[in-house]
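What follows is each chain in one-letter form.
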Amino acid sequence: MIDTIYIEAAVRQHPRTSVILSRFPKARLIPCERYGEVFNPRSQDFRIQKQRPALILAEKFDNFILPAPEGFGIGGEENFYFSHILNCLYDCRYCFLQGMFRSANYLLFINYESFMSAIDRKLGETVANKTVTFFSGYDCDSLALESVTGFTEAFLPFFRERPRAILELRTKSVNIQFLLDSEPFDNCITAFSFTPEEISKKTEDGVPPVKSRIKAMNQLAERGWPLGLRLDPLICHNGFESTYRRLVNDIFAAVPAKAFHSVSLGPMRFPTAMFDTIAKLYPENRLLAGPLHRSNGMVTYQKEVEEEMTQFCRSLLSEHLPTEKFFHCTPWC
Amino acid sequence: MAFRESQYMTGTVNIVSALPAEAKPLMDHFKLRSSQTDHFKIYTNSDDNVRLIISGVGKSAAAGAVKHLTKLSSSNTSDGWLNVGVAGHASLPVGTLVAAHKITDAGTGRAWYPTMVLDFPFETASLLTVKKETHNYPADALVEMEAAGFYSTASNFSINELIHCLKVVSDNRNEKKLDSRSVTEMITTHLDAVESVVHSLLRLSKNLRKRRAVPRELEHFLNRWKFTVTQSHQLEKMLRRWQVIFPEINPIEAASTDSKNSRDVLKSLYHRLTDATVEASQL
Ligand code: SF4
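Residues numbered from 1 in each chain as written. Chains lettered and ligands numbered in written order. Predicted model: local features only at pLDDT ≥ 70, side-chain atom pairs only at ≥ 80, totals over all residues. Heavy atoms only, no water.

A. How the structure looks around the overall build of chain B. A count of helical and extended segments in chain B gives 10 helices and 10 strands. Taking 19 Å as the expected radius of gyration for a compact globule of 283 residues, we find that chain B reaches 24 Å, considerably beyond that expectation. By residue count, 59% of the 283 residues in chain B fall in the buried class. Restricting the contact set of chain B to residue pairs at least 6 apart, pairs at least 24 apart contribute 71%. Each charge class in chain B was averaged separately, 34 positive and 30 negative side chains, and the resulting centres sit 6 Å apart. (Helix = DSSP H or I, 4+ residues; strand = E, 2+ residues; numbered from the N terminus. Rg over C-alpha atoms; globule rule 2.2 N^0.38 Å. Buried < 20%, exposed > 50% of the residue type's maximum accessible area, 1.4 Å probe, protein only. Contact = heavy atoms within 4.5 Å. Lys, Arg positive; Asp, Glu negative; His and termini not counted. Charge placed at Lys NZ, Arg CZ, Asp CG, Glu CD.)

Here is the structure:
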């Protein structure tokens, strides 16, 4: 899966580097001074790179924890996000990462302990009894590259000891073995994002089928892990009522409602410049061709369409969950 | 689809070699004929989509040759670029073909990383570009005199995925085969591998050109109505969307009814595009 690995000189001897390299004995190893030499050059093409992404092992020095966008939250009193990895194994046509980074390579910051210290500092700065949410799947899928990163293995014990720090693992993957093998705890929410199967097949390349993800949710629920459900982004298409109804029914037929910690709905929205970058990468793509509308620096569906879809899905979910479990976690809203 | 055919029907690959002895087997293999000989010698095939330039020795010469070639192409931002030549290496056997995965300019310390997206049917290695010929081989890297000049200049025009350096090891600690005849022979041995790289680059270049092509109808619109610069950018974006959503409908005809001026045109296209519905199966 990964045949090229760039390694920053500073992390060449890091124990986590050795573990990761041992998983790819045949990979081409290329030394670099700083990851920016590989990740940031202007003359790169995200779409071509996405056909064969390389892994970059690097060290992060600052900005470990960032404030979550305004209004973004799942019940914690303060909200932050952190990104141990930039970019994703999957290839969703609506993903904003395509418009955010020049490179499609997986950039993994292996100094997890520095992220943990920063989380502790952040907790120290907040009032002692406040709950603080840390979103881990903002610039990546939290679990998709678990077999490479060992992310949950490293971070679950850390969050388990800090009950007022809520960890959200946001994913479309079914890499849940480490969670199934671990004792569940309340402040780790595994949040699965879905679009209906018909949409997923067309727009989410590499993502496991909806059925498999519902099965993974059910396994986690049975094990006692709290779940999140994210219908995000809501994709407009003819007959969306029936595809979303089927999706929601399938989920709640398999997973007990009490397992859900939170649900959220997210419209499809992009800042204009980001959208233009993505549309240039995939000019032939039907999803990106619309019907989309530009207003106030954003590209979205028309307001009425967006509201109609949100209201409809909200009422679908209300058939299964109380409104206290409804939250908002979409950037740029 | 409604693109200008000539813009995307083929890709282009530009090959830069320092010496006639390196270039000769490539010229024969790709059937390249001399097309220009003012400052540099340039050779092209009959389709004019594989070009070769003999740069002369050294970083600046390679950079100059790249610049010269870019002037001959109007769509050079999607061209493929290939530097083919010989290099030294401490331990690799003489005659080994290698692609560079990291190119460092020994003079400045700056490094470039050609993106490893092609299926190279041979090994890859780091490469050091030096100013003067040396037989002091760096540990684990090729050493030669052009790649940094070639790469840094080509990446001002094209993208890292389309720019590569292929080197045949001509000398190591124990053996040297630096005479013209040996160089030509060694490159000849690897022509099939070079050809497979050229074909991959042509395919990427063609796809990129197609992706970036201006919708054919744009020119018709610009001739018929008067658009400001901002409006013509908006129009271009709308026409791209149009050809995806309504591939069978001519946008000029759709916009003509009731459109007196450019504003009306944009409004009418905009409404059609934002009112369009989509089936899940079309996504
Ligand atoms: S799973 Fe999420 S992060 Fe990954 S490509 Fe899809 S939208 Fe982007």
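B. Geometry of the overall build of chain A. Within chain A, the secondary structure is distributed over 14 helices and 18 strands. Computed over its C-alpha atoms, the radius of gyration of chain A comes to 20 Å, within 12% of the 20 Å expected for a compact globule of 333 residues. For chain A, the C-alpha atoms occupy an extent of roughly 55 × 50 × 35 Å along the three principal directions. The burial tally for chain A puts 61% of its 333 residues in the buried class. Long-range contacts, defined here as pairs at least 24 residues apart, represent 77% of the contacts in chain A between residues at least 6 apart. When the accessible surface of chain A is split by element, carbon and sulfur atoms take 50% of a total near 13100 Å². Once the 38 positive and 39 negative side-chain charges of chain A are each reduced to a mean point, those two points are 3 Å apart. (Areas by Shrake-Rupley, 256 points an atom, 1.4 Å probe, with all protein chains shown as cover.)

C. The arrangement of the sheet that holds strand β16 (residues 293-295) of chain A in detail. All names here are of chain A. Taking strand neighbours across the sheet as the criterion, the 3 strands line up as β15-β17-β16 in an open arrangement whose pairing is antiparallel. In this open sheet, the two strands that pair with only one neighbour each are β15 (269-271) and β16. When strand polarity is set aside, the average angle formed by the axes of neighbouring strands in this sheet is 25 degrees. Relative to strand β17 (residues 298-300), β15 runs antiparallel, the two sharing 3 bridges. Paired with F270 across the bridge in β17 is V299. (Pairing = 2+ DSSP bridges. Axes fitted to C-alpha atoms, helices over the stretch in contact; angles between N-to-C directions.)

D. View of the interface of chain B and chain A. Contacts between the two partners involve 39 residues from chain B, matched on the other side by 42 residues from chain A. Of the roughly 3500 Å² buried where chain B meets chain A, counting both sides, 52% is carbon and sulfur surface. The largest contributions to the chain B side of the interface with chain A come from Y113, R211 and L283 of chain B, which together make up 23% of the buried area. Viewed at the interface, chain A and chain B are joined by 3 salt bridges. The interface formed by chain B and chain A holds 18 residue pairs in polar contact (both at pLDDT 80 or more) in total. Going through the elements one at a time, β6 (97-105), β8 (123-129), α6 (191-212), α8 (229-245) and α10 (262-275) of chain B are the ones with two or more residues in the side of chain B that touches chain A. (Buried area = accessible area lost by both parts, 1.4 Å probe. Salt bridge = Lys/Arg side-chain N within 4 Å of Asp/Glu carboxyl O. Polar contact = N/O pair within 3.5 Å; in protein donor to acceptor, adjacent residues only side chain to side chain.)

E. Geometry of the site of the ligand. Residues in contact with the ligand, as listed here, are C88, Y90, C92, Y94, C95, L97, C140, D141 and K172 of chain A. For the shell around the ligand, the per-class residue count stands at 7 nonpolar, no polar and 2 charged. (Near = heavy atom within 4 Å. Nonpolar A, V, L, I, M, F, W, Y, C, P; charged D, E, K, R; others polar.)

F. Here's a closer look at the sheet that holds strand β8 (residues 106-109) of chain A. All names here are of chain A. Sheet architecture is open: 5 strands sit in the order β2-β1-β3-β8-β6, paired in mixed fashion. Looking along the sheet, the strands with just one partner apiece sit at the ends: β2 (28-32) and β6 (85-86). Across 5 bridges, strand β1 (residues 4-8) lies against β2 in parallel orientation. Pairing of T4 across the sheet is with R28, part of β2. Against the sheet, helix α1 (residues 15-23) makes contact with β1, β2, β3 (55-58) and β8, and its axis sits at roughly 165 degrees relative to β3, the strand it touches most.

G. How the structure looks around the packing of aromatic side chains. All names here are of chain A. Tallying each qualifying case throughout the model produces 25 aromatic pairs over all chains. Both rings, one in F82 and one in F159, keep their centres 6.5 Å apart while their planes meet at 15 degrees; by these two values the pair is stacked. Here the residue F82 occupies a position in the loop between β5 (78-81) and β6, and F159 occupies one in helix α7 (residues 151-160), the gap between them amounting to 77 residues. Of the two residues examined, F82 and F159, each falls in the buried class. Connected via pairs of aromatic rings, a cluster forms that spans F64, F80, F82, Y112, F115, F134, F151, F155, F158 and F159. The ring of F109 is capped by K60, whose NZ or CZ atom sits 5.0 Å from the centre of that ring. (Phe/Tyr/Trp six-rings, centres within 6.5 Å; stacked < 30°, edge-to-face > 60°. Lys NZ or Arg CZ within 6 Å of the ring centre and 35° of its normal.)

H. Up close: unusual backbone geometry. Backbone torsion omega between D232 of chain A and P233 of chain A reads 0 degrees, so that peptide bond is classified as cis. With respect to the helices and strands, the residue P233 of chain A is situated in strand β13 (residues 227-234). The linkage connecting G290 of chain A with the following residue, P291 of chain A, adopts the cis geometry, with an omega of 20 degrees. Looking at the secondary structure, you find P291 of chain A in the loop between α13 (286-289) and β16. Unusually for a residue other than glycine, K31 of chain B sits at a positive phi of about 55 degrees. When you line up the elements, K31 of chain B lands in the loop between α2 (20-29) and β2 (33-36).

I. Highlighting the pairing of β8 of chain A. Residues and elements named next belong to chain A. In β8, alternate side chains face the same way, and those of Y106 and L108 on one face and L107 and F109 on the other are all buried. Sheet topology note: the β3/β8 ladder contains 4 bridges and is parallel. Bridge pairing links L55 to Y106 in β8. The sheet contact formed by β6 and β8 spans 2 bridges and is antiparallel. Bridging across to β8, I85 finds its partner in L108.

J. Main features of the side chain of Q44 of chain A. Mapped onto the elements of the fold, Q44 of chain A is located in the loop between α2 (36-39) and α3 (46-50). Those residues in contact with Q44 of chain A, other than ones at most four positions away along the chain, are V38, F39, Q49, R102 and S103 of chain A together with I159, N160 and E161 of chain B.

K. Summary view of the pattern of salt bridges. All names here are of chain A. Inspection of every chain in the model, using the stated rule, returns 28 salt bridges over all chains. A salt bridge links E113 to R16; its shortest N-O distance comes to 2.8 Å. In this pair, E113 is assigned in helix α5 (residues 112-125) and R16 in helix α1, connecting sequence segments 97 residues apart. You can call R16 buried: its relative accessible area is 17%.

L. The arrangement of the pairing of β8 of chain B in detail. All names here are of chain B. For β8, the buried fraction is high: 5 of the 7 residues fall into the buried class. Pairing of β8 with strand β9 (residues 141-144), which is carried by 4 bridges, proceeds in the parallel orientation. Paired with L127 across the bridge in β9 is L142.

M. The arrangement of the packing of α5 of chain A against α7 of chain A in detail. Residues and elements named next belong to chain A. Two elements in contact, α5 and α7, have axes whose closest approach is 11 Å; the angle formed by their N-to-C orientations is 25 degrees. When the axis of α5 is compared with that of α7, the two are roughly parallel. The element α5 and its partner α7 pack so that their crossing is right-handed. Every residue of α7 that contacts α5 at Y112, F115, M116, I119 and D120 is listed here: F151, A154, F155, F158 and F159. Classifying every residue of the contact of α5 with α7 by side-chain character gives 9 nonpolar, no polar and 1 charged. (Parallel < 35°, antiparallel > 145°, perpendicular 65-115°, else oblique. Left-handed = near helix turned anticlockwise from the far one by under 90°.)

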